[in-house]
Structures are given as structure tokens and as C-alpha cells.
Amino acid sequence: MPKCTYYTHSFVTANMPFVTSPLLICQAMKILVTGGAGFIGSHTVVSLSEAGFTPVILDNFSNSNPEVLAGLEAILGYPVIFYEGDCNDSGIYSRIFTEHEIGSIIHFAAYKAVGESMEQPLKYYRNNLGSLLALLDSMQQHGAGNLIFSSSCTVYGEPDQVPVTENTPVKPASSVYGNTKQIGEEILQDVASSLPFSIISLRYFNPVGAHPSGLIGELPIGVPNNLVPFVTQTAAGIREVITIFGNDYPTPDGTCIRDYIHVMDLAEAHVAALNHLLKVKREKYYDVFNVGTGTGNSVLEVVNTFDQVNNMHVAHQFGPRRSGDVIAVWGNVDKSAEVLGWKASRSLAQALKDAWNWQNRLPKP
Ligand code: UFG
């Protein structure tokens, strides 16, 4: 049973703490969640809380919205611990490590737009790698050793064989964004081989969906790059038509294939990875895990499934291939099942229902 106590001060911003009404909050292990207001981060905050951990969120809202915190609090029923700050700033880590006893860290905070990363490489290297180094420095300084890192199946590039396992060779990155994930993994492997760290990199496949409450979900800024937000915005009338990038690929229906994983399954994978880190209690430990469903679906299947489960017809058209897209990738997830005891349990249909439920609750722009 986690130890519980009355708190009077749980919601904190960088410069101005304010006090909410006294609340009973369990003093479970605190987990620093960088990028905890983002899409995957916010859903992981929910899963961590449900599993009895106390998340401490650090985010600068560079690609998220402060309203996410209200959504989180509505789901959880109590205020979240939040720091507004830049993950490149070692000062903010010092403050958090001093004010809280942090048991582990989950590092989501990163820029993630593939196209933008090619136009502004320095911005991506500086932010994605700078924040990782600042975090590792602070962890070392404060004796914190457990870390889960957001990696990506992008490290496999265009694989020679699918599904990909964790032993499938890493291919040269096709984008600066992808390279920041590859270099990030290399840094972590080096760090864990010589310092007392215990680190897991999770290679995410394509996260989709939203929390079933519709209170949190994916909120892209501007025109969405990713498939499902574009589909939901088209269904909502914000976009006229979704363009499917290429229908002449060597796949059964000619469109690209990906492994779409419900974001709540992905969130729960972080809890499983965390429990594993806490259980192995090993220093100089590093491992990587695929986090997908083990199944591939084509772009056309996603659009058609969305229509079916939500009883709609989203206008689509075929356009030219998008540069940099891999043809087909999906993951073998046996290692996650065997070692972490985790397996995705929600269907693509469920994810697309939840994505629409979330979109539908958003105010129309
Ligand atoms: N697609 C369309 N039309 C759109 C948007 C996407 O047809 O308007 C297609 C893409 O061409 C691709 C598929 O939908 O075939 C999925 O595209 P996404 O942009 O949703 O996802 P990606 O697979 O390109 O990229 C995602 C993440 C990256 C991550 C990568 C790992 O966005 O951050 O998975 O492979 F690195």
C-alpha cells in the first residue's frame, strides 16, 4: 500500500506556485516525465498514476497546450505536479531533483516533425540531444540512475524483412529527426556501459488514438503531418480531403504499411518498462524494446476502418508518394512480451473510435 498524506501544494509552475485545496495524495514513487504534456507523455502520466506512481511533469508547451493539464486533472481527479521549463536547462532539473525524490525518469521531450528536422537540423540536434545530455548530467549529479528513453522504429529505416525485431540492423537515418533518435540510443548505450545507469530505450511504432474519456489526445499545431490527426480533422470538416501519399507501392493495396498502436497501450508499455527497471535493479544495464502491436495496416485500411467504426465517410484522394516514407514496417513484439510482460491489447478500430471521440469534443476552430 502506498503511504498517503495530506498535501496542500501540488500544482506548481516555474515562477508562481499556487495552492489548491488540501488533498489526499499517495506518496508513491515519483517519476519525472519530461514532455509530460505531449501526446504520448500525457497518456503515460495517466497510466503511471493508475499504476500507483506519482508523475512529476516537466514541459515547456513548445508542442503542447496548457489545457492538457486540465484534462489530466479531470481524468485523475487530483492536481498534477507540473514544472514549466526547458529540458535543455540544467537549472530546472536541479530544482526538480532538489524538491522531489525522483525514483526514475521517462524522457519524452523532443521535437518530432520529420520534414522540419530536414529544414532546421541544428534546432533538432540542439534540442533533442542537448536536452538528453542536460538530463543525463543532472541525473549523474543527483544520483538518479533509472531512465526510459523515447526512441522510434524509424531507426530500422526501410527494413529488408518485416516484422522487425530488436536485432534487425539499424539503417542510416533518413531524417535528422531519425538521426537524433539513433544518436540518442548510442549515447545511452555508452553511458550505461560505463556509469551506474539503468536505461531502456522503447522503439515506438505509430501511436494513434486517445484516452477513452476524450479529455486528452493528440493536438497537432497547424496542419497535421501524421495520418490519423489528418483523418479526424477531415472528418470534423477542418480539412476538405485527406491525400493518401502513394497507391503504387508493392503492398497488397498499393499504400504504405505501418504498425498503429493505441496510445494507451503505448503508455502502459512505459509502466511495464519502469517496473522492469525497478525489478532488475542493475547498474550498467541497457536494453531496447519494440513497442507496437505486431501487425501492419495499410493507409487505406486505416481510412476505411475509421469510416466503418465511426459510421462516416471521410473524403480521400490519392496523391504522389511522400518523400522519405518507408514502404512497410511493423514490429515483432515478442521481446516486450517475454521480458516486460507487456502486450498491446486494444484494436485499431478502438484507437480510431477514441481518436474521433477526442477530435469531436474539441472546439471547432
Ligand atoms: N499519410 C498519408 N497522408 C497523410 C499523412 C500520412 O497518406 O496526410 C501516410 C504516410 O505516407 C505514411 C502513413 O500515412 O505512409 C503514416 O504516416 P505518419 O506521418 O502518420 O507516420 P510515419 O510513419 O511517417 O511517422 C511516424 C512518426 C515519426 C516516427 C515514425 C517512425 O510521425 O515521428 O513514425 O516510423 F519517426
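Data block above holds the structure.
A quick note: this is a predicted structure, and the numbers were derived from the prediction, not measured. (Residues numbered from 1 in each chain as written. Predicted model: local features only at pLDDT ≥ 70, side-chain atom pairs only at ≥ 80, totals over all residues. Heavy atoms only, no water.)

### Remarks on the pattern of salt bridges
Summed over the entire model, instances satisfying the criterion amount to 10 salt bridges. The partner of Glu268 in a salt bridge is Arg346, with the nearest N and O atoms 2.8 Å apart. One end of the pair, Glu268, is in helix H8 (residues 263-280); the other, Arg346, is in the loop between helix H10 (334-340) and helix H11 (348-361), with 78 residues separating them in the sequence. The class for Glu268 is partly exposed, based on a relative accessible area of 28%. Residue class for Arg346 comes out partly exposed when judged on its relative accessible area of 26%. Note that Lys335 is salt-bridged to Asp287, the shortest N-O span being 2.5 Å. Here Asp287 lies in strand E13 (residues 285-291) and Lys335 lies in helix H10, a separation of 48 residues in the sequence. (Salt bridge = Lys/Arg side-chain N within 4 Å of Asp/Glu carboxyl O. Helix = DSSP H or I, 4+ residues; strand = E, 2+ residues; numbered from the N terminus. Buried < 20%, exposed > 50% of the residue type's maximum accessible area, 1.4 Å probe, protein only.)

### With respect to the side chain of Ser150
Its place among the elements puts Ser150 in strand E7 (residues 146-152). For Ser150, the side chain forms a polar contact with the main-chain oxygen of His107, separated by 3.2 Å. A polar contact of 2.8 Å, which involves the side chain of Ser150, links it to the side chain of Tyr204. Those residues within four positions of Ser150 in sequence are excluded, and the remaining contacts are His107, Phe108, Lys181, Leu202 and Tyr204. (Polar contact = N/O pair within 3.5 Å; in protein donor to acceptor, adjacent residues only side chain to side chain. Contact = heavy atoms within 4.5 Å.)

### Considerations on the sheet that holds E7
One open sheet holds the seven strands; their spatial order is E5-E4-E3-E6-E7-E8-E13, and the pairing between them is parallel. Only two strands of the sheet have a single neighbouring strand rather than two, namely strand E5 (81-84) and E13. Between one strand and the next, the sheet's axes are offset by a mean angle of 20°, whatever the strand orientation. In terms of strand pairing, strand E3 (residues 30-34) meets strand E6 (residues 102-107) through five bridges, oriented parallel. Each residue of the ladder has a partner; that of Leu32, found in E6, is Ile105. Strand contacts of helix H6 (residues 176-194): E7, strand E8 (198-204) and E13, with the helix running at about 150° to E7, the strand carrying the most contacts. (Pairing = 2+ DSSP bridges. Axes fitted to C-alpha atoms, helices over the stretch in contact; angles between N-to-C directions.)

### Comments concerning helix H7 (residues 227-235)
Across the nine residues of H7, nine count as buried, placing the element largely inside the fold. Among the residues of H7, those classed as buried are Leu227, Val228, Pro229, Phe230, Val231, Thr232, Gln233, Thr234 and Ala235. Each element contacted by the buried residues of H7 is listed here: strand E9 (206-208), strand E10 (242-245), strand E12 (260-262), helix H9 (299-310) and H11. Just downstream of H7, Gly237 is the residue with a positive phi angle, here 85°.

### Some points on the environment of Arg258
With respect to the element layout, Arg258 can be found in strand E11 (residues 257-258). Judged by its relative accessible area of 11%, Arg258 is buried. In sequence terms Arg258 and Gly296 are 38 residues apart; their C-alpha atoms lie 5.1 Å from each other. A distance of 3.1 Å separates a polar side-chain atom of Arg258 from the backbone oxygen of Val326.

Scope: geometric values only; no functional claims are made or implied.
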